[in-house]
Amino acid sequence: MMMNPQQIPSKILISNLKKSFGSKHVLRGLNLEVSKGESVVIIGGSGTGKSVLLKCILGLIKPDSGSIKIDGQELRGSSRKLIAQAMTKISMLFQSSALFDSLPVWENVAFLLLQRRQYKRQQAKEMAIQQLAAVGLNERVADLFPSEISGGMQRRVALARAVIHKPEIIFFDEPTAGLDPIFSSVINSLIVKCVKELGATAITITHDMVSARHVGDRIAMLHEGKIIWDGPAKGIEHSKNPYVDQFINGQSDGPIKIEV
Amino acid sequence: MLTLIAKIGRLFLNFLATTGKLGVFTGMAIIEGLRPPYYPRQIARQLIDIGYYSLPVVGMTALFTGMVLALQSYTGFSRFSAESSIPNVVVLSITRELGPVLAGLMVAGRMGAAMAAEIGTMRVTEQIDALMTLSTNPFKYLIAPRMIAGLTMLPFLVLIADIIGVFGGYLVSTYKLGFNPINYLHQTWDFLEVIDVVSGLVKASAFGLCISTLGCYHGYYSRGGAQGVGTATTNAVVSASMLILILNYTLTAIFFS
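Below is a summary of the structure that appears in this document. For clarity, every value in this text was computed on a predicted model and none was experimentally measured.

On to the sheet that holds strand β9 (residues 218-223) of chain A, then. All names here are of chain A. Taken in spatial order, the 6 strands line up as β6-β7-β8-β3-β9-β10 in an open sheet, and their pairing is mixed. At either margin of the open sheet sits one strand with a lone partner, and together these are β6 (90-93) and β10 (226-232). When strand polarity is set aside, the average angle formed by the axes of neighbouring strands in this sheet is 20°. Most of the contacts of helix α6 (residues 151-163) go to β6, to which it runs at about 180°, and overall it touches β6 and β7 (169-173). The strands touched by helix α9 (residues 242-249) are β3 (39-43), β9 and β10; relative to β9, the strand with the most contacts, the crossing angle is about 100°.

Structural data, given as structure tokens:
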């Protein structure tokens, strides 16, 4: 795809990443490369380490070994300042939305703008209202508290919060979890729209195959702590990989064993 | 027998590990809290929450404590006609011990629990992770403001409690026990020394810091949903209350020996 892959470093490059919790080995030497502007979906069963992977990149969990590079810059073992700088490029949409329930909706959306103190409160509020409009929420929502709006609206607010500062990289952790199919589709479209408008690089983790096909350029399957299949989203039906076939068709028989 | 020893050993190791973790946590909070950026809005919110909204509870506690002190001392002291020392007993007990300890315990129940529950819920609903992804350090944003509020607002509350407590004793003594109001106040004032009030306020600061730290610590490390938050809240209140009583004895021993 790229003219000079040697000169342009991948946006995100993860190699041989390992993480264990006690005797439970969650990531067992994971490799993943994402180029700039690409949208990669990671699929995999519950408990295969999808969330752990994202949290490792974000620095919320410390990996045991391996390397994580953003724009060619190694994050593991770097100084706090460098990591903090790299983190300003990344934002995340949490599975539970994770809105701050002590703040009204607009302050949630404008949180980063207010923290950076670039704008006055009134200005930041106007920007938040614009961003809310971009995800299809009207002005009246801005002064409500997160507990006063529905789960689907919360997810949209969280999306607005994640994109307001125009991040270069966005992570989506199960963006459609707990939403009905129609709302899921709305959120998927919004994600595609936001990512395309920003030209951002996106990693989405999900086990919702409709969402995966809608959002992703590329799909990677995580199983037992490693990426076992990686290919374009369009060709996933013809992967010829028994694990992928079992997963996307939702069969209980196959190479993936569910521990009971 | 062996299992018993193993259990005791494990308990002891757990205790050491927790103490260490708590020490690191407190150190982190202090270091991060002293470095900018600061969050004046968060600090103001906590100051109001602890200082202003605790006033009714602390005030009521102090009032009735002062009243019962006067009443109870009277029934005791009248047996050997020492009724005249009631003002002294009331003012010393309130400023030195009961003011700080009761205000501390009340605030531990009110604010320690609220802090553990709020921060704990933020932890289990990924709000703390979200804070970090929004380039905000939770120690600066959540924990330092609470510690500042605890440290500064408890002495303020105790000062108010001292005044209301003495007033409670005055009410009962003058209206019920027939003391002369002017004599009562004179005797209270003459007998009181600066160290009595100051020691109480120093204690209050220590208690406030300990309530905030334990509330935040238990909330910050809570795990596993609603039950985890419940456990964190209980632990925060129980540990803060215990520590207040232990610290109180230690500080009294330091001040008055």
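Glancing now at the layout of surface pockets. When its volume is computed, the largest pocket comes out at roughly 1700 Å³. Considering the residues around the largest pocket, the lining is formed by 44 residues, among which Leu58, Gly59 and Leu60 of chain A together with Met132 and Pro138 of chain B are closest to the centre. Looking at the lining of the largest pocket, the elements with two or more residues in it are α1 (50-58), α2 (80-87) and α4 (111-116) of chain A together with α1 (2-34), α4 (86-124), α5 (127-133) and α6 (138-175) of chain B. Broken down by class, the residue content of the lining of the largest pocket amounts to 22 nonpolar, 10 polar and 12 charged. Looking at the second largest pocket, its volume works out to about 620 Å³. Lining the second largest pocket are 24 residues, and of these Ser46, Thr48, His223, Ile256 and Lys257 of chain A sit closest to its centre. Elements with a contribution of two residues or more to the lining of the second largest pocket: β2 (24-34), β9 and α9 of chain A. A per-element tally of the lining of the second largest pocket places β2 of chain A first, with 4 residues.

Cut-offs applied
- Residues numbered from 1 in each chain as written.
- Chains lettered and ligands numbered in written order.
- Predicted model: local features only at pLDDT ≥ 70, side-chain atom pairs only at ≥ 80, totals over all residues.
- Heavy atoms only, no water.
- Pairing = 2+ DSSP bridges.
- Helix = DSSP H or I, 4+ residues; strand = E, 2+ residues; numbered from the N terminus.
- Axes fitted to C-alpha atoms, helices over the stretch in contact; angles between N-to-C directions.
- Contact = heavy atoms within 4.5 Å.
- 1 Å grid on protein atoms, 1.4 Å probe; cavity = no way out; pocket = protein on both sides within 12 Å on 5 of 7 lines; lining within 4 Å.
- Points joined across faces, edges and corners; volume = space filled by probe spheres on them.
- Nonpolar A, V, L, I, M, F, W, Y, C, P; charged D, E, K, R; others polar.

All we've got here are geometric facts, nothing functional implied.
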